[in-house]
Amino acid sequence: MDLHHLKYFVVLSEELHFGRAAQRLHMAQPPLSQRIKDLEKELGVQLFHRRRTGVELSEAGALLLEHARGVLDHVAMAQESMRRIRPGASGILQVAVPPDTNPVALSTMVSFFAASAPDVLLNLHELTTVEQVERLRDGELDVAVVRHPLSSVGFESGALYSRALGVVLNASHPLASMDSVRLGDLAGSPLIIFPRHMAPTLYDSFLHTCRDAGYLPAAIVHARNQHFTHGLIMAGRGVHFNEEPWTPLPSGIVWRPLVGDPLAWRTSALWLKSRRSAETDAFVAAVGAGLEAGGHG
């Protein structure tokens, strides 16, 4: 049983209203409703009776609530015990970055933070946008480095840094000989892009921008690993959008800037107001230094 789902169940049991529970959890109502349905399906019972004015606990729901609160209390106690294992007076900071974070940006973040908060252990995680937002809400992360646009209701955000994206092409592609490429000229080329579940709002924004520029991909291929993506491009299976590479690309593929910079990574630090501290402020500053070093303006 997913502890996240159990926490959502307890909050809904206390509020008896999806809208109020979703607001308390800093999330939209439809995802909360879906997670409760998933929990009911997993357990094989109906936990709530749905009414027009809200919900009521079923007999099975009332029984689960007795156990769920105890489970979550014990988990919270265990987490607090772990937080007390401190390498210094200030403790441990849990942070996350996107899987394809620029290595120069990441190393600068780490070194900048170490210099400004030497007594704090920085525990880094590699997570997608959806995973980062969920773990921020659940108190498992202190700060996340996220890509925009995304739903940030209930969060505070640092300065937004932007880095233009270009297109990665097979060297034999007709546009590979150009110094720069118009987005609309890619019409008909299959698009290799990260899976939508990793960052739904960003994914939709990319496709809308492509459509508005006249680029309708002949097919969409999902890939999240850079080596897999490059292999698909080398095999002529599509084109891919990414920032200018810091290391040479494999033989047979090339990177070209897009005319007018229609696509970009827009990145910032994100955190819950309730978790803000001197340590989070120090890491937010480190994020800015890292993104600037990585070429984000």
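Predicted model only: the values in this text are computed from it and were never measured.

The rules behind the values
Residues numbered from 1 in each chain as written. Predicted model: local features only at pLDDT ≥ 70, side-chain atom pairs only at ≥ 80, totals over all residues. Heavy atoms only, no water. 1 Å grid on protein atoms, 1.4 Å probe; cavity = no way out; pocket = protein on both sides within 12 Å on 5 of 7 lines; lining within 4 Å. Points joined across faces, edges and corners; volume = space filled by probe spheres on them. pLDDT = per-residue confidence, 0-100. Contact = heavy atoms within 4.5 Å. Axes fitted to C-alpha atoms, helices over the stretch in contact; angles between N-to-C directions. Helix = DSSP H or I, 4+ residues; strand = E, 2+ residues; numbered from the N terminus. Parallel < 35°, antiparallel > 145°, perpendicular 65-115°, else oblique. Nonpolar A, V, L, I, M, F, W, Y, C, P; charged D, E, K, R; others polar. Pairing = 2+ DSSP bridges. Buried < 20%, exposed > 50% of the residue type's maximum accessible area, 1.4 Å probe, protein only.

Chemist: What's the story with empty space enclosed by the protein in this structure? I'm lost.
Modeler: Think of a ball as big as a water molecule: rolled over the atoms, this probe shows where empty space is left. Scanning the entire structure with this criterion turns up one cavity of 30 Å³ or more. The computed volume of the largest cavity comes to approximately 50 Å³. Taken together, Pro98, Thr101, Asn102, Ala105, Val145, Arg147, Glu243, Thr267, Leu291 and His296 make up the full set of residues lining the largest cavity.

Chemist: Can you walk me through the confidence of the model for the chain in this structure?
Modeler: Low pLDDT marks regions whose predicted coordinates should not be analysed in detail. On average, residues of the chain carry a pLDDT of 92, and 96% of them reach 70 or more. Overall, residues 85–90 carries pLDDT values under 50, and its contacts beyond four positions in sequence, including any with other chains, amount to ten contacts.

Chemist: Whenever I open this one, the packing of helix α1 (residues 3–15) against helix α3 (residues 29–43) confuses me. Can you help?
Modeler: When two helices pack together, you describe them by how their axes are tilted relative to each other and by the distance separating the axes. Closest axis-to-axis distance for the α1/α3 pair is 9 Å, and the angle between their directions is 110 degrees. Classified by the angle their axes make, α1 and α3 are roughly perpendicular. Side by side, α1 and α3 meet where His5, Tyr8, Phe9 and Leu12 of the first sit next to Leu32, Arg35, Ile36, Asp38 and Leu39 of the second. Each residue belonging to the contact of α1 with α3 can be placed in one class, and the counts come to six nonpolar, one polar and two charged.

Chemist: What am I meant to see in the sheet that holds strand β10 (residues 220–222) here?
Modeler: Strand-to-strand pairing in sheets goes through backbone hydrogen bonds, with the strands running parallel or antiparallel. Pairing is mixed across the open sheet formed by five strands, whose spatial order is β10-β9-β11-β8-β12. For this open sheet the edge positions go to β10 and β12 (253–257), each flanked by a neighbour on one side alone. With direction set aside, neighbouring strand axes in the sheet form an average angle of 30 degrees. Its contacts with the sheet put helix α8 (residues 226–234) on β8 (166–170), β9 (191–193), β10, β11 (239–242) and β12, and the angle it makes with β8 is roughly 55 degrees.

Chemist: Looking at this structure, I do not really get unusual backbone geometry. What am I missing?
Modeler: Of all residues except glycine, most have a negative phi; of all peptide bonds, most are trans. The peptide bond linking His148 to Pro149 adopts the cis configuration, its omega dihedral lying at 5 degrees. In this structure, His26 takes a positive phi of about 60 degrees despite not being glycine. By the secondary structure assignment, His26 is in the loop between α2 (18–24) and α3. Unlike most non-glycine residues, Asp261 shows phi in positive territory, near 50 degrees. Tracing the backbone shows Asp261 in the loop between β12 and β13 (264–272). Note on Asp261: relative accessible area 44%, which makes it partly exposed.

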